[in-house]
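# Structural characterization, general
Each chain is listed here by its residues.
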Amino acid sequence: MFNDFRKRMNNCSTKMSEISLLRGHTVEVDNEAKNRTEFFEQTDTFFSIVNSIHIAKNFHDCSMITQNLESLKEIWTIILEIYSSERVSKNNNLKKMITKLNDNLQLEWKNYISSHDAEILDMLDIFSQVCNNKREINEITNSIRSMNSWPLSEAVFNKYENRRTLGEKKISEIHFDKEIEEFLRKVKNQKASLIDLTPEILKWIKENNFDKNIMLSIKFTQ
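Residues numbered from 1 in each chain as written. Predicted model: local features only at pLDDT ≥ 70, side-chain atom pairs only at ≥ 80, totals over all residues. Heavy atoms only, no water.

## Considerations on the nonpolar core
Here is the rule we go by: In this text, buried Ala, Val, Leu, Ile, Met, Phe, Trp, Tyr and Cys residues form a nonpolar core when linked through side-chain atoms within 4.5 Å. Here's how the labels work: a residue is buried when its accessible area is under 20% of the maximum for its type, exposed when over 50%, partly exposed in between, all with a 1.4 Å probe on protein chains only. Counting from the N terminus, the helices are the DSSP runs of H or I reaching at least four residues and the strands are the DSSP runs of E reaching at least two. Any two residues whose heavy atoms approach within 4.5 Å at even a single point are treated as in contact.
The biggest cluster of nonpolar side chains holds 55 residues, and the ones touching the most others in it are Phe59, Trp109, Met147 and Phe176. Counting residues per element, the ones that place at least two in this core are α3 (30-56), α4 (64-67), α5 (69-85), α6 (92-127), α7 (134-145), α8 (154-174), α9 (178-188) and α10 (199-207). In terms of residue count, α6 provides more of this core than any other element does, 14 residues in total. Leave out the neighbours within four places in its chain, and Phe176 touches Met123, Ile126, Phe127, Ile171, Glu181 and Leu184.

Here it is, written out as structure tokens:
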């Protein structure tokens, strides 16, 4: 259904070109020119929404597409009616509908992607405490976090997908277990002590050449 929706949108793209020619007609009154400008701004936002949803389809457990499909179809119907009339009139309802849809999708997307990436970002943050190339881990983390923006873009998604895969590979190569994870959390929060350096932890540090990456400090208590 969504692909058919996009196909209909592409088939009507020529209508936009025809209407855009009206921008150059000096015989149009100021109000009509303003209406056209606002309409093109609204359709630009709508097409950006459609493109973002198309990208979001790569996340198969993301339900925001089906939840907002009726609103998309309703807005598209109004846009088609304006295209067909070849005369742009002021439509405050269209603007409100697009704005509401965009705001809802932005909130839903940010909530979804934050939850989707929470685990890997947490693990990368922990790993960055001891890794030999912290700059690379930070770059991976920043690329993953950039997917939190809205509207979405193919360039950002492609980089996100590449860096997320790389981040998962980095973590899998280190062979975390619960004891090591807890130790690194303490290092991150500056709560690790000599008591936490168990034989297993020391062996893991040595095997991964993290000997010089973990610094100890002395805490004076009264």
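That covers the picture; the talk isn't over yet.
## Observations concerning the packing of α6 against α9
Rule in force here: To get an axis, fit a line to the C-alpha atoms, keeping to the stretch in contact for a helix; angles then go from 0 to 180 degrees between the N-to-C directions. Working definition: roughly parallel below 35 degrees, roughly antiparallel above 145 degrees, roughly perpendicular at 65 to 115 degrees, and oblique for all remaining angles. Left-handed describes a crossing whose near helix is turned anticlockwise from the far helix through less than a right angle; right-handed describes the clockwise counterpart. Three classes are used: nonpolar for Ala, Val, Leu, Ile, Met, Phe, Trp, Tyr, Cys and Pro, charged for Asp, Glu, Lys and Arg, and polar for all others, with Gly counted as polar.
Running from N to C, α6 and α9 point in directions that differ by 70 degrees, and their axes come no closer than 9 Å. Considered as vectors, α6 and α9 are oriented roughly perpendicular to each other. Both α6 and α9 take part in a crossing whose hand is left-handed. Here Asp122, Met123, Asp125 and Ile126 of α6 lie close against α9, whose contacting residues are Glu181, Leu184, Arg185 and Lys188. The residue makeup of the contact of α6 with α9, split by class, is 3 nonpolar, no polar and 5 charged.

## With respect to the environment of Glu108
The cut-off we apply is this: Distance and chemistry together define a polar contact, namely a pair of N or O atoms within 3.5 Å, with one atom able to donate a hydrogen and the other to accept it when in protein, and with adjacent residues in sequence counting only for side-chain atoms on both sides.
Residue position: Glu108 is located in helix α6. Non-local contacts of Glu108, meaning those with residues more than four positions away in its chain, are made with Met64, Gln67 and Asn68. One polar contact links Glu108 to Asn68, side chain to side chain, over a distance of 3.3 Å.

## Points about α9
What counts is decided by this rule: The arc in question is traced by the directions running from the helix axis to the C-beta atoms.
For α9, the complete set of buried residues consists of Ile180, Glu181, Phe183 and Leu184. Along α9, the residues classed as buried sweep out an arc of 160 degrees about the axis, all on the same side. Measuring from the backbone nitrogen of Glu179 back to the side-chain oxygen at the start of α9 gives 3.1 Å, which picks out Asp177 as the cap. Looking one or two residues past α9, Gln190 carries a phi angle of roughly 55 degrees, positive in sign.

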